[in-house]
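# Summary of structural features
Residues per chain are reported as follows:
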Amino acid sequence: MKPAPFKYIAVTSLEHALALKAEHGDDARFLAGGQSLIPAMNFRLARPAILIDINGIGALAGVTFNGTTRIGALTRYRALQRDPAFSRLVPLIGEALPHIAHPQIRNRGTIGGNLSHADPASELPAIALALRARFRVQAAKHERWMEASDFFTGALTTDLRSDEMLTEIDLPSQRSRTGSCFMEIARRRGDFAIVGVAAQVTLGDRNECTDVRLVFCGVGETPVDASPAAAILIGHAPTGENLRDVAASVRKMVEPAGNVHATADYQCHIAGILAERALQAANRRVRDGR
Amino acid sequence: MDDDRHDITLTVNGTPYTRRVESRLLLSDFLRHDLALAGTHVGCEHGVCGACTILLNGEPVRSCLMLAVQANNQKISTIEGLASKDGSYHPLQQAMHDHHGVQCGYCTPGILMTMSAFLHDNPSPNEDEVREALSGNLCRCTGYQNIVDAVMSAATQMRG
Amino acid sequence: MSTRTLGEPIKRNEDRRLLTGQALFIDDIELPGMLHAALMRSQVAHAKILKIDVSRALQRPGVVAAYVAGDLGDYWQPGPILVPPPPIEGIIFHERTQVPLAKEKVRHVGEPLAIVIAESRYIAEDALDDIDIDLEPLPAVVDLEEGLSAGSALVHEDVGSNVSAYVRQAKGNYASAAANADHVLKRRFRYEHGISSPIETRGVVAHWDGRAGQMTIWDTTQAPVFVRNGLAAMLGLNERQVRVIAPFVGGGFGPKIMMFYPEEVLLPWISIKLNRPIKWIEDRLEHFFATTHERGQLHDAEIALSKDGRILGIKDVFLHDGGAYDPYGLTVPINSQCTLLGPYVVPNYDSTFTQVFTNLPIVTPYRGAGRQHGVFVMERLLDFAAHELNLDPAEIRRRNLIPPDAFPYKNEIIYQDFEPLEYDSGNYEPVLDMALEAIGYNEFRQEQAAARAQGRHLGIGVACYVEGTGIGPYEGAKVQVQSNGKVSVATGIGTQGQGHFTVFAQIAADQLGVRVSDVDVVTGDTDQFYWGAGTFASRGAVVAGNAVNEAAKVVRKKALKLASDLFECSEEDLVIDDGKVSIVGIPEKFVKLGDLANQANPMRGAVEPGTEPGLESTQYFGPKMGATANGVHAMTVEMDPETFDLKILKYVVVHDCGTVINPMILAGQIHGGVAQGIGNAFYEKLLFDDRGQLLNASLADYLLPTALEVPRMELAHTVTKSPLNPMGIKGAGEAGAIPGGPLFAQAIEDALDLKDRGVELLEIPLSPSRLFELTRYAKR
């Protein structure tokens, strides 16, 4: 399975990358980690005429903490896994990383590449929504910031225009008394999630829920924000009973399509179970401390 | 379109090479056929089986998911460089031999490269950690048990 | 004969090259001027071919040639039948074998339509886009029952139906047994086995040297001798002009013994035509279509029992998915039919199967070779019978085991070796007892109850099987002592990781008193050994191993005779050890084997009439029938009752394969087989849609078990030697893979109380999603 021919250009600056993309539009693709793009090219499902290798743009990689957490799009999963400060500040991503493929993939794959690829079963898009992430998107002549929830528009489809690149992911600081949990069901560790959930719970002084985030991957063409289904928790302490009600609401809300590994009904069933279990864990983590 | 060719210079197992390669040439094919280092094997060309795993600047990566041109100015380590120059085994190779961790041998180079990097970062793993580290390499012959035993044994050896 | 190394865990001779990346696999072969092939394969399962036009492909720079069926002329012919139908009364068999390139009609996704030869595989794949194909799709035959119904599309119109074969075998009289039975249970089962998916796919390199008149073919085949013979005949060459070499092969498991695959047939012909070496390496995507599968069977089975759980008879009617062509005859369903009987006394048996043509890839043996299907039916019937009769599942099995004094045990029906099924030897109850002990069977119910009190769901399964192994026709071996004292062994079978380079060395080393590491074994090269069948059906160690033993025995005798002449003493006064022959009690009086070999090949002095030069012998071993191995697997699992996630807690195998040559290599074979059994039971499923399209054709979606899915396994064995060969060996290559299906079904039912909830697991593979679907409307 060999890729079709293309013209390869390695760049070392964002300006050069964006200029090329502006020139070639959809005929060109950015090559970051390549862990999604190159398999697609080997299967000849993707056949870009031009490949712009952005691995040399050092400025696009790295994490900075300054009120918010800013992750350069070219930051590799491995770098995130090895950064103890990052895992403390963004435990949802830290918890999800071991579920993303395998170490060899994580040594190359980048967060920006994963988000731009927008696989419906991928963990990071769901987490980005759960964390209310904001994305910086740049083109040669403009840039814009957008909510993660506006970025994902369909299966393997984003709002990126043909001259744009996702360059930064900005995560608001986590409020105090906030706990999170990422969980997924997959056939084998590292496989795409059959269903995955990113849950986050913020508690007030009486241990009542003041904010809840609940976002799924794998049950829709894009991440599914099921936070409204968990809204009944607001003002109450999460209990076995109200969490079961959340699960029931989630099951009514999600409309998974099923896939080669699971029926739609199974996915629906699992979504409810994961909602319960993840919210319970997130809640426990706040109350019992990390 | 005409071939898009690029000059690359890289080091493989400490030896420098300069070649002119077509842009779409996969790193796995470059190593195996252009450099005649056929110990790295190809099993799937979509990044799942791990047979093609090599070390890129010391980190295990799938060589079927990299282009040869991306290896420009990089340091690659392959199975051919794992044993010492005098032929004596790396402790992992010795352990795989002692524990019968090799049957057909096709997945073996990828596993050895993956686990040599793993043990470098994790000198005292438990069995669960070894299995997790091994889970990105498929083996169809051994059922993994003897490979796990070999890695645990090599880890003990390497800790001295 | 010394048995110094028999039964010893001798480390492998072949490891160094494999561990250092120096072993030659097919894609490592580079020859000057070599060209590369890519095949245009049908994307449609069933279609009339209206047009295949390669003219644009020929214009692409770097493309050297492109061929369709019509270009092959007289060379184009359907492949030979590899295993003819067995001599069973009333058998119906419609032979339809695969073709090198499709002509007129395409019968499965992946069937080759054209082949392109280019300077590189990259360019050859580019050229596939240039080929103009016009196909008229036809309805695809995918479902077995629909395929046999009136009005179904026909895979082979001239057959008149989709019946590839019909076989009925019986012993005793089931009808009267059932009429007099206390209980009769009927169930419908569906068992699907999967694909072999070795980590190395297939490959062929063909090199015609016109000036030498020599064809050399490297091939990842498990049967180099048959491939040599067949291709020589097809190409109109003398057999000695053709050399087939199976290099190191990265896993075989059965489908690499399917022969005269289109690529094997095409490449040598093209090499002659272009006078260049040609290479084809199957890529992983192709492997899902281009290499044979095993797939599914649908069984309507019933069992008649006495009230104390004894089997009075079994009746089974099943459909077997054979795929689009049937070159491998009936090996797989006959194995299902025979292996169903298991280690049990089944006085009456009535078994009928129909092998159905479908528009899916060809089915040929894959590790287990149909035994899995039969074992699933029997073990499940016994489980349901135990439940109805309120018997423990292990107890019902114990009551039906063939007693140890009943061997050789005749099961009468015809087996894949074309002989009436006969178990040569066995002692089954101790194997069951050891497995139950090892898994902690008696203590398990308490453990289970205690876990349930904590909300944890544990379950246990036990499954028994027999495996007919070591069938003929024969294998041969040449053993030779060289002048440096090292021993060379050559045999015709190939090696795909089973340790032949060590196991055969052990056998020769023991006969000749040399170190195992001083024995050099060559397998799979038809120039090194001319005759043989191949590595399949768990027969390598049994048949080739015995041939090595016979040849080594003759060489030993020759050495002793020569030494006795040299020392002027009787052969009984001599001992061979450490590479030397010496007089018993006088170690200073010795001669090295290498020197004896030189003396046997004199520069002066004729060789006596009736003798041969050197210390060499070629011998053959041909068992009349297969030897029967047996085993019991037991497993405990924990299930998540909400997600149906499964974790194996403990896995035990107790196995009897007669004399064990190398227990370390044997254990490795069992481990690997169990891993494939786990994959088959719970992870690997070929998902075809109703148009015959495979929906999960990648390793991301066809799920092979990893180190996290395969648990640590505990092995034990008993030894009941086979009387059928001098070494007492039975085969062991497939054993691990056979009982995984019923084991999982039983353990899962136990963990989730399914029988009490009115749910029975009647199918394999299972998965968490499938278990959810099967249990969602359960009684409680």
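What you are looking at is a predicted structure, and each value in this text was computed from that prediction instead of being measured. (Residues numbered from 1 in each chain as written. Chains lettered and ligands numbered in written order. Predicted model: local features only at pLDDT ≥ 70, side-chain atom pairs only at ≥ 80, totals over all residues.)

### Notes on the overall build of chain C
Put simply, the rule is: Going along the chain from the N terminus, every DSSP run of H or I of four or more residues is numbered as a helix, and every run of E of two or more is numbered as a strand. Put simply, the radius of gyration uses C-alpha atoms, and a globule should come to 2.2 Å times the residue count raised to 0.38. Counting other C-beta atoms within 10 Å of its own, a residue is labelled buried from 20 upward, exposed at 12 or fewer, and partly exposed in the gap between, with every C-beta atom placed from the backbone. Residues are scored as being in contact if the C-beta atoms we place from backbone atoms lie within 7 Å.
When its secondary structure is counted, chain C shows 19 helices and 30 strands. Whereas a compact globule of 780 residues would reach a radius of gyration of roughly 28 Å, chain C reaches 28 Å, a difference of no more than 12%. Based on the C-alpha atoms only, the size of chain C along its principal axes is roughly 90 × 75 × 50 Å. Burial analysis of chain C (780 residues in total) assigns 60% to the buried set. Within chain C, counting contacts between residues at least 6 apart in sequence, those at least 24 apart form 80% of the total.

### Overview of the overall build of chain B
Per the secondary structure count, chain B includes five helices and five strands. When the helices and strands of chain B are placed in sequence order, the string is β-β-α-β-β-β-α-α-α-α. In terms of principal-axis extent, the alpha carbons of chain B reach across some 50 × 30 × 25 Å. Every one of the 160 residues in chain B was classed for burial, and the buried ones make up 64%.

### Notes on the domain arrangement of chain B
Residues and elements named next belong to chain B. To keep things clear, this is the line we draw: Where each domain begins and ends is defined by an automated method or by a domain database.
Annotation of chain B at the domain level lists domain 1 (5-80) and domain 2 (91-159). Here the C-alpha centre of domain 2 lies 22 Å away from the C-alpha centre of domain 1. Domain 1 puts 15 residues into the contact, and the matching count from domain 2 is eleven residues. Of all the secondary structure elements, the ones that give two or more residues to the side of domain 1 that touches domain 2 are β3 (53-56) and β4 (59-62). Looking at which element gives the most residues to the side of domain 1 that touches domain 2, the answer is β3, with three residues.

### Let's talk about the sheet that holds strand β7 (residues 143-147) of chain A
Sheets are built from strands that pair by backbone hydrogen bonding, the pairs being arranged parallel or antiparallel. Residues and elements named next belong to chain A. The cut-off we apply is this: DSSP-based pairing: two strands are paired if at least 2 bridges between them are found. Between N-to-C directions, angles cover 0 to 180 degrees, with each direction set by a line fitted to C-alpha atoms, over the stretch in contact for helices.
With respect to topology, five strands assemble into an open sheet ordered β4-β5-β10-β6-β7, the strand pairing being antiparallel. In the strand order of this sheet, the two ends are held by β4 (63-66) and β7, each with one partner. Averaged over all pairs of adjacent strands, the angle between their axes in this sheet comes to 20 degrees, without regard to strand direction.

### Some details on the interface of chain A and chain B
To keep it simple, the criterion reads: Classification convention: Asp, Glu, Lys, Arg as charged; Ala, Val, Leu, Ile, Met, Phe, Trp, Tyr, Cys, Pro as nonpolar; all other residues, Gly among them, as polar.
At the interface, 22 residues of chain A touch 22 residues of chain B. Looking at the side of chain A that touches chain B, the elements that each hand over two or more residues are β1 (7-10), α2 (37-42) and α6 (103-106) of chain A. Partitioned by chemical class, the residues of the side of chain A that touches chain B number ten nonpolar, eight polar and four charged.

### Points about the packing of helix α10 (residues 371-389) of chain C against helix α18 (residues 740-751) of chain C
Residues and elements named next belong to chain C. Convention followed: Here is the rule for angles: anything less than 35 degrees is roughly parallel, anything more than 145 is roughly antiparallel, 65 through 115 is roughly perpendicular, and the remaining ranges are oblique. Note: crossing handedness is left-handed where the near helix turns anticlockwise from the far helix by less than a right angle, and right-handed where it turns clockwise.
Put simply, α10 and α18 touch, their axes get as near as 8 Å, and they point 30 degrees apart. Compared by their axis directions, α10 and α18 come out roughly parallel. Crossing hand, α10 versus α18: right-handed. Touching Gln372, Val375, Phe376, Glu379, Arg380 and Asp383 of α10 are Gly741, Pro742, Ala745 and Gln746, all from α18. When the residues that make up the contact of α10 with α18 are grouped by side-chain class, the tally is four nonpolar, three polar and three charged.

### Thoughts on the pairing of strand β11 (residues 178-185) of chain A
The side chains of a regular strand alternate between the sheet's two faces. All names here are of chain A. Burial analysis of β11 places seven of its eight residues in the buried class, which makes it a mostly covered element. Bridging between β11 and strand β12 (residues 195-203) involves eight bridges; their strand directions are antiparallel. Pairing of Thr178 across the sheet is with Thr202, part of β12.

### A short note on the environment of Thr618 of chain C
Residue and element names in this part refer to chain C. Positionally, Thr618 belongs in strand β26 (residues 615-621). For Thr618, a count of 19 C-beta atoms within 10 Å translates into the label partly exposed. In this structure, the C-alpha to C-alpha distance between Thr618 and Pro726, residues 108 residues apart in sequence, is 17 Å. Setting aside residues up to four positions removed in sequence, Thr618 forms contacts with Gly476, Lys478 and Ala551.

### A short note on the nonpolar core
Residues and elements named next belong to chain C. For the record, the criterion: To count as a nonpolar core, a set of buried Ala, Val, Leu, Ile, Met, Phe, Trp, Tyr and Cys residues must be joined through C-beta atoms within 7 Å.
Core analysis: the largest hydrophobic core is formed by 403 residues, its most contacted members being Val116 and Ala508. It is helix α15 (residues 540-567) that contributes the most residues to this core, twelve residues altogether. Leave out the neighbours within four places in its chain, and Val116 touches Ala37, Ala38, Ala57, Val63, Ala66, Ala124, Ala127 and Leu128.

### Quick notes on the sheet that holds β1 of chain A
Residue and element names in this part refer to chain A. Here three strands make up an open sheet; going across it, the order is β1-β3-β2 and the pairing parallel. Both outer strands of the open sheet, β1 and β2 (28-31), are each paired with one neighbouring strand and no more. When the angles between neighbouring strand axes are averaged without regard to direction, this sheet yields 25 degrees. Where β1 and strand β3 (residues 50-53) come together, four bridges link them in parallel fashion. Bridge pairing links Lys7 to Ile50 in β3.

### Details of the interface of chain B and chain C
Interfaces are often described in size by the accessible area the parts lose on coming together. Contact with chain B, which involves 43 residues of that partner, is made by 43 residues of chain C. For the side of chain B that touches chain C, the secondary structure elements donating two or more residues are α2 (91-98), α3 (108-121), α4 (127-134) and α5 (145-159) of chain B. Of all the elements, α2 of chain B adds the most residues to the side of chain B that touches chain C, at four residues. Broken down by class, the residue content of the side of chain B that touches chain C amounts to 20 nonpolar, 16 polar and seven charged.

### Describing helix α9 (residues 331-339) of chain C
Along an α-helix, a turn takes 3.6 residues, which lines up residues three or four apart on a common side. Within α9 of chain C, nine of the nine residues are buried, which leaves it mostly tucked inside the rest of the structure. For α9 of chain C, the full list of buried residues reads Thr331, Val332, Pro333, Ile334, Asn335, Ser336, Gln337, Cys338 and Thr339 of chain C.

### Here we look at the domain arrangement of chain C
Residues and elements named next belong to chain C. The domains assigned to chain C are domain 1 (15-21 + 472-621), domain 2 (197-290) and domain 3 (296-471 + 624-775). Placing the centre of domain 1 and that of domain 2 at their C-alpha centroids yields a distance of 30 Å. Listed as interface residues are 15 residues of domain 1 and, on the opposing side, 17 residues of domain 2. A breakdown of the residues in the side of domain 1 that touches domain 2 according to their chemical character gives three nonpolar, ten polar and two charged.

### Re the environment of Val21 of chain B
In this fold, Val21 of chain B is placed in strand β2 (residues 15-22). In this structure Val21 of chain B touches Arg5, His6, Ile8, Phe30, Asp34, Ala68 and Val69 of chain B, once residues within four positions along its chain are discounted.

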